[in-house]
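Here is how the chains run, residue by residue.
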Amino acid sequence: MTRDARPRERATDERTRTIDWATLSHVVTPQALRYRAIDVGVSTDKRRYEPGEPVEITITFRNRLPIPIRVRTDSPNYWYWTVDGLRSASQVPRAVPDRPAAFSFTRRERKRFQRQWHQRMQVSEDDWQPVDPGRYTIAVGLTRSDAAARGLVDTAVIEIIS
C-alpha cells in the first residue's frame, strides 16, 4: 500500500461510521410517540370577512421533539385542507395516488404553508360557485385515515358577513 492510498481508506472508513439520525430515530421511536410529536395548526388572517374577500390560510406542522421524526401517510400528498369537509374547497374528486409515503421532519422543524380561499366552491371541473354568508370550518390534517383520532387535525372557524 502506498502513502497516497492510506488517506483515501481512512476517509472511506469515516463515511461508513456516520449515523443516519433520521433513520435511527424512526427505528427506535415508538409509533405512538411519533404521532404525538407532530403539532398540526391552521389559522387565518382574521375571523370575519366581507363577501368575496380572500381568506389567507396558514398551515403549520411542527416537530416538538429534539430528534428527527418521520410519519407515514396514506398518500404522497402528505396533508390536506378542507372547507366544510370539502378537500381544497372542491366537490370534484381529485385523482390522488393511494400509495403510502412518509412526511419527514428534522429536529424541532416547523413546516409552514400558505393557501388562499376565494370564498368559492368548485362544483365541476371548470365551475366555481361563490359561497353564501355564514360560518365555515377550515380544517387541515395529515393524509391518514386515522388522523383525527391521532390528533393530527386542526380547525379554524371563519364567518362571512353580509
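So, here is what we can say about the structure in this document. Throughout, residues of each chain are indexed from 1 in the direction in which the sequence is written. Under the rules for a predicted model, residues below a pLDDT of 70 receive no local features and side-chain atom pairs below 80 are neither given nor counted, while totals for whole chains, interfaces and linings still include all residues. For the side-chain quantities, the full set of heavy atoms in the structure was used; hydrogens and water were omitted.

1. Details of unusual backbone geometry
Alright, step 1. Non-glycine residue Asp84 carries a positive phi angle of around 50 degrees.
Alright, step 2. Helix numbering and strand numbering both begin at the N terminus, where a helix is a DSSP run of H or I of at least 4 residues and a strand a DSSP run of E of at least 2. Note on placement: Asp84 falls in the loop between strand S5 (79–83) and strand S6 (86–87).

2. A word on the side chain of Thr143
Alright, step 1. Positionally, Thr143 belongs in the loop between strand S11 (134–142) and strand S12 (153–160).
Alright, step 2. Aside from chain neighbours lying at most four places away, what touches Thr143 is Thr73, Asp74, Ser75, Asn77, Tyr78, Trp79, Tyr80 and Arg87. By definition, residues are in contact when any of their heavy atoms lie within 4.5 Å.

3. Here we look at the pairing of strand S1 (residues 38–44)
Alright, step 1. Buried means the residue's accessible area, taken with a 1.4 Å probe over protein chains only, is under 20% of the maximum for its type, while exposed means over 50%, and partly exposed covers the values in between. With five of its seven residues buried, S1 lies for the most part within the structure.
Alright, step 2. For two strands to be treated as a pair, DSSP must find at least two bridges joining them. Pairing analysis gives seven bridges linking S1 to strand S3 (residues 55–63), with the strands arranged antiparallel. If you follow Thr44 over to S3, its bridge partner there is Ile57.

4. Topic: the packing of aromatic side chains
Aromatic ring pairs are defined here through the distance separating the ring centres and the angle between the ring planes.
Alright, step 1. In this analysis, rings of Phe, Tyr and Trp, with Trp reduced to its six-membered ring, are considered paired at centre separations within 6.5 Å, and the interplanar angle assigns stacked below 30 degrees, edge-to-face beyond 60, and tilted for intermediate values. Overall, the coordinates contain seven aromatic pairs when judged by the stated rule.
Alright, step 2. For the pair Phe61 and Phe113, a centre-to-centre distance of 6.2 Å together with 70 degrees between the ring planes defines the contact as edge-to-face. Taken together, the residues span a long stretch of sequence, with Phe61 in strand S3 and Phe113 in strand S8 (residues 110–117) at a distance of 52 residues.
Alright, step 3. The exposure class of Phe61 is buried, given its relative accessible area of 0%.
Alright, step 4. On the basis of an interplanar angle of 15 degrees and a centroid distance of 4.7 Å, the ring pair of Tyr78 and Phe103 is categorised as stacked. You can see Tyr78 sitting in the loop between strand S4 (69–73) and S5 and its partner Phe103 sitting in strand S7 (residues 101–105), a full 25 residues away along the chain.
Alright, step 5. Given the relative accessible area of 31%, Tyr78 is considered partly exposed.
Alright, step 6. On the accessibility criterion, Phe103 (4% relative accessible area) is buried.
Alright, step 7. Taken together, the ring pairs connect Phe61, Tyr78, Trp79, Phe103, Phe105 and Phe113 into an aromatic cluster.
Alright, step 8. For a Lys NZ or an Arg CZ to count as sitting over a ring, it must be within 6 Å of the ring centre and within 35 degrees of the ring normal. The residue whose ring lies beneath Arg87 is Tyr80, and the NZ or CZ to ring-centre distance is 4.0 Å.
Alright, step 9. Its end group placed over the ring of Phe105, Lys111 keeps NZ or CZ at 5.1 Å from the ring centre.

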